[in-house]
Amino acid sequence: EVQLVESGGGLVQPGGSLRLSCAASGFTFSNYAMSWVRQAPAKGLEWVSSIAIFGGETYYSDSVKGRFTISRDNAKNTLYLEMNSLKPEDTAMYYCTKAPSRVVLTTTRGYSDWGPGTQVTVSS
């Protein structure tokens with residue numbers, strides 16, 4: 001059974017930083033592209049970032065480019081999202097998502113599995 005469990009969310013002031021983690025199990029982590037998708041209160045899903053199977057290729061939405069960094073540790077079956085210079089508009093539930101193959105997705109659709117999410121709130 002595929003399991004994705006996010007952690008690291010919380011309340012942070014504008015300009016602050018957080019590091020999200022996603023612990024994966026139940027599948028061969030290194031065989032699949034992974035992504036982060038978020039949903040702000042009363043808004044739709046927004047794709048945030050994606051990473052290829054060996055981490056050499058990374059992709060970011062324009063809204064987070066230059067501030068967020070996605071990475072993965074295939075030995076630890078863990079996906080990360082380093083978030084810096086956080087803004088109030090980054091407030092959202094952040095989901096770790098697994099692509100159905102090694103093909104990288106840069107959308108909010110098509111993922112085979114989602115974690116339950118971790119809440120990030122940016123507020124003073």
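Residues numbered from 1 in each chain as written. Predicted model: local features only at pLDDT ≥ 70, side-chain atom pairs only at ≥ 80, totals over all residues. Heavy atoms only, no water.

### Some thoughts on the pairing of strand 5 (residues 45-51)
Extensive coverage of strand 5 is indicated by the burial of 5 of its 7 residues. Inspection of the sheet shows strand 4 (residues 34-39) paired to strand 5 by 6 bridges, in the antiparallel sense. What sits directly across from Gln39, in strand 5, is Leu45. Between strand 4 and strand 5, which pair antiparallel one after the other, the connecting turn spans 5 residues, and Ala42 there sits at a positive phi close to 60 degrees. Here 3 bridges tie strand 5 to strand 6 (residues 58-60), and the two strands are oriented antiparallel to one another. The residue of strand 6 that forms the bridge with Ile51 is Thr58. The hairpin turn running from strand 5 into strand 6, its antiparallel successor, is 6 residues long, and Gly55 in that turn takes a positive phi close to 80 degrees. (Buried < 20%, exposed > 50% of the residue type's maximum accessible area, 1.4 Å probe, protein only. Helix = DSSP H or I, 4+ residues; strand = E, 2+ residues; numbered from the N terminus. Pairing = 2+ DSSP bridges.)

### Focus on the pattern of salt bridges
Per the stated rule, a full pass over the model turns up 6 salt bridges. Of the charged contacts in the structure, one is a salt bridge between Glu82 and Arg19, with a shortest N-O distance of 3.8 Å. A residue pair is termed long-range when its members are at least 10 positions apart, and Glu82 in strand 8 (residues 78-83) and Arg19 in strand 3 (residues 18-25) qualify at 63 residues. Taking relative accessible area as the criterion, Glu82 reaches 29% and is therefore assigned partly exposed. (Salt bridge = Lys/Arg side-chain N within 4 Å of Asp/Glu carboxyl O.)

### Some words on the pairing of strand 3
As judged from the 5 bridges shared by strand 1 (residues 3-7) and strand 3, these two strands associate in the antiparallel manner. Along strand 3, the bridge assignment pairs Gln3 with Ser25. Note that strand 3 and strand 8 share 6 bridges and pair antiparallel. Within strand 8, the position partnered with Arg19 by the bridge is Glu82.

### Digging into the state of the cysteines
Under the counting rule described, the total for this entry stands at 1 disulfide. Covalently, Cys22 is tied to Cys96 through a disulfide, its sulfur atoms 2.1 Å apart. Between Cys22 and Cys96, the S-S torsion sits near -70 degrees, and that sign places the bridge as left-handed. A residue pair is termed long-range when its members are at least 10 positions apart, and Cys22 in strand 3 and Cys96 in strand 9 (residues 92-98) qualify at 74 residues. On the basis of relative accessible area, Cys22 is assigned to the buried category, the value being 0%. (Disulfide = S-S within 2.5 Å.)

### Comments concerning the nonpolar core
Trp36, Phe68, Leu79, Leu81, Met83 and Tyr94 are the most contacted members of the largest nonpolar core, which totals 26 residues. Listing elements by their share of this core, those giving two or more residues are strand 3, strand 4, strand 5, strand 7 (68-73), strand 8, strand 9 and strand 11 (118-122). In terms of residue count, strand 3 provides more of this core than any other element does, 4 residues in total. Met83 has contacts with Gly16, Ser17, Leu18, Leu20, Arg67, Phe68, Tyr94 and Val120, leaving out every residue within four places of it along the chain. If you look at the next biggest cluster of nonpolar residues, it comprises 6 residues, including Trp47, Ala99, Leu105 and Tyr111. (Core = buried A, V, L, I, M, F, W, Y, C linked by side-chain atoms within 4.5 Å. Contact = heavy atoms within 4.5 Å.)

### A short note on the sheet that holds strand 1
Taken in spatial order, the 4 strands make up an open sheet running 1-3-8-7, and their pairing is antiparallel. The two strands at the open ends of the sheet, each matched to only one other strand, are strand 1 and strand 7. Within this sheet the neighbouring strands show an average axis-to-axis angle of 15 degrees, counted without direction. (Axes fitted to C-alpha atoms, helices over the stretch in contact; angles between N-to-C directions.)

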